[in-house]
Structure formats: C-alpha cells, structure tokens
Amino acid sequence: MARHFLLAILLALADSCQEIRVVSKDGGVVVGRSMEFSIPLNSHLVSEPAGTVHEAPLPPNCHGNPVTFTNRFKTISNWNVFAEKWTNSIADGVNEAGVSISILWFKGYAEYLNPADISGVTCGNALPHTKIGAYILAKYESVEEVKKDLENGKFPAIWAGTDLNIVPPIHFNIIDKTGAGIVLEHTKGEGVKWYDNTVGVTTNSPPYPWHLTNLRNYPHFQRNDKGREGFEYSSLGNTYILSQQWTGSGLLGIPGDYTSPSRFVKAATLLSLAPKPATTDEAIVQAFHLMNAADIPYGIVETGDRVKYTPWILVKDLSRGCVYYRGYTDLSVKRLCFDDLPWDPAAVKIEGNFSDGFKDSSGDLRPLDSISLD
C-alpha cells in the first residue's frame, strides 16, 4: 500500500526542477541544479570509481546476458531511496572528465521506444531510459562525443524503462566543461530530438524549442530602472511628477510563479542580466544565488494534499571537479571533489540536521575599538 502511495505522488508531483549554466571570465563552467518534490527525499551523493560495471535489464524479446557498460571515469551522482530501495535511475551527476547530466521531469510529452519492439541486433545496443544518466557519465568526456553518437546512430536505442513500477517521463540536460550543452528529449510523435542549449537553462515541460519561442514574449527586461523621471501627469493646468522612490522597475512584470514556463523565463532573464563572474569561485557563488531565486519554501505550493518544496540544490564545478550542495533544513554548503574520493563506491546523505547548518560566531566577537575599518 505504501509503495503504491509513493508511486502516485511521484507521478503527480515531481514536475519542478531547474538547471542553469554559469561561465566565468577565467573559463570556469559551473552548473546549478535544484530538485523540487512533495515528500522528503532520502537523497544521497554517490561516488563510483572508474571501472564500475553497470547492468541494464533486457527488453522482453531480447535474450542472453544483460547489457552492461563500464565507467571510464570516476562519477558523483545523486541517488534517491524509496521504500528502502535505491531507485533505478540517478537524478543528476557529473564525471571527472567534466560532463554533467541532469534528469528533469517532462510530463505530458515524453515517449520512448516500446520495449517489445526491441529485437535482433538492436538488443546489444539498447538501454532503458532510466539508465541514460549513468550511461552518459560512464562513457562520454564531452558533449561533442554525445552529439556525434546521436548523429551517426551509435547512441543506444532508448526504450521505456520503469522505476517504482512506472515509466517516469523525463528529459536530459548535458553540459561539459567547455560550456557546450544539449537538451536530449524523446518526444511523442517526434522521436529522439536534441537541441543545443544556447540559453543555458532547462526546466520541465513543454519541449525546449517551445521555451525558446516563449522567451520572445519577454524582450523588455533590463538591469536599469525604467522611467527614472517618474510618473508625469497634468491636472487643472498644473503638471505633476511622481518620482520613483524605489528601484527594480527594469524587471517589472518578470514571471514569479513556479510553473515550468515561468521558471524558465525568470532563470534565463536573471542569467542573461547577471554580470559575468571574474573567477570560478565567483561563478559558484552566483550560481547559488541564482538558484535561490527558484527555491520553493515548504508550504508555498500545494498539489492536492501534498506540499511541494525544494529539498536540495547542487552546484557542479565542471572545471575543477567538485560538487557543492545544500539541503533544506541544513543550509550550509558542503562539497565533494574527485581528488578526494575513496577507491570504493561510497555515499553521503545530502540533508543534515539544523544544527549542522550554522556556525555560532559569538566567540569571534571583538572589542569595537579593535575592529579594522579597512
């Protein structure tokens, strides 16, 4: 009963995720990703060494040994636990070559090959869509390599896999340490499509080209305030000017709701207006702040009797091989770096305790007259 309850929640409420790409002047490439969900996620970051072997199930008309693939690189990926079991698919990840993949909900549009249609020679190069994330991290060191395999037909045939007895509707955002990125979608009536992610933003449904078209409705946002002279009008022969007493009118009317189209517009707008960071460190800080603009506090959004919120945010430094993360209750930022990973597979839980999320600085207080004013 509990398992079916979780399935219903997963289908209905896992439809809000967001990813952005920030590029710094020193060449650093940083990717920010949030997860929005309706129940507390038992989420972990899992490290795997190069040489880790992955196994995928066979479609019903294929026989013999399961399809396997092996990590060429170390990986750090997000795994979740439901009903005391790891889910079949990762939600996010990065490899030590600097390739990032995010798996985001794509409800109402996703469609994959029928597993019953996979047979013959195709069996040896076919994977359930729930394994795409792990496969890309295991095999590829650039977006260009992924595109070449998609273009020449070497990329695996992708059939509808299951996770918790459902076929999760998802699409994929792939970015590498050069800043190149593609959105990979398997869409009803269109099959496999991939698009250069020139905007550097991905959310959820509708398909990526629709979001680009929708951006044409919002060309007017700017950093500077509009109409700084104020509101001018005439009455009974006199002219009046109501001068502005606040700032921010350059972004007046920016979408602020939590729908996928609005989140895409807001993220793309803020990303385009934000000054280019000078360093990779500054890009990491900027990415967290931009992701905070999409953060859903618990209790703000309800779907049925469930409350949707943002349980975690990841910021992936593709250039230097580190993943920064924070949970919901523990707001402190932590990180994992490839240089410091153990030799064997290992995991750390993303969420921590409230007391882990702050530092008591009362011991740092100094006499006022001793404080440097530099």
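Refer to the structure above for everything that follows.
Since the structure is predicted, the reported quantities are computational estimates derived from the model, not experimental observations.

Parameters at a glance
Residues numbered from 1 in each chain as written. Predicted model: local features only at pLDDT ≥ 70, side-chain atom pairs only at ≥ 80, totals over all residues. Heavy atoms only, no water. Helix = DSSP H or I, 4+ residues; strand = E, 2+ residues; numbered from the N terminus. Rg over C-alpha atoms; globule rule 2.2 N^0.38 Å. Buried < 20%, exposed > 50% of the residue type's maximum accessible area, 1.4 Å probe, protein only. Contact = heavy atoms within 4.5 Å. Areas by Shrake-Rupley, 256 points an atom, 1.4 Å probe, with all protein chains shown as cover. Lys, Arg positive; Asp, Glu negative; His and termini not counted. Charge placed at Lys NZ, Arg CZ, Asp CG, Glu CD. Core = buried A, V, L, I, M, F, W, Y, C linked by side-chain atoms within 4.5 Å. Salt bridge = Lys/Arg side-chain N within 4 Å of Asp/Glu carboxyl O.

Caption draft 1: View of the overall build of the protein. Within the protein, the regular secondary structure consists of 6 helices and 22 strands. Radius of gyration (C-alpha) of the protein: 23 Å, near the 21 Å computed for a compact globule of 374 residues. For the protein, the spread of C-alpha atoms along the three principal axes comes to 90 × 60 × 45 Å. The buried share of the protein, reckoned over its 374 residues, is 50%. For the protein, restricting intrachain contacts to residue pairs at least 6 apart in sequence, the fraction spanning at least 24 positions comes to 68%. Accessible area for the protein stands at about 18500 Å²; split by element, carbon and sulfur atoms hold 54% of it. Both charge centroids of the protein, one from 33 positive and one from 41 negative side chains, sit 3 Å from each other.

Caption draft 2: Broad picture of the nonpolar core. Within the largest apolar cluster, 30 residues are counted, with the highest numbers of intra-cluster contacts made by I101, I136, F155 and I174. Every element with two or more residues in this core is listed here: strand 5 (67-70), strand 9 (99-105), helix 2 (132-139), helix 3 (143-152), strand 12 (170-176) and strand 13 (181-187). Among the elements that line this core, the one with the most residues is helix 2, at 6 residues. The residues contacting I174, other than those within four sequence positions of it, are V99, S100, I101, I136, V143, V146, A180, G181 and I182.

Caption draft 3: Highlighting the pattern of salt bridges. Across all of its chains, the model carries 11 salt bridges by this definition. Of the charged contacts in the structure, one is a salt bridge between R72 and E141, with a shortest N-O distance of 3.0 Å. With R72 in the loop between strand 5 and strand 6 (75-82) and E141 in the loop between helix 2 and helix 3, the pair connects residues that are 69 residues apart, well separated along the chain. For R72, a relative accessible area of 41% translates into the label partly exposed. With relative accessibility at 37%, the residue E141 sits in the partly exposed group. Two residues, K147 and D196, come together in a salt bridge whose shortest N-O distance is 2.9 Å. Taken together, the residues K147 in helix 3 and D196 in strand 14 (residues 191-196) connect sequence positions 49 residues apart.

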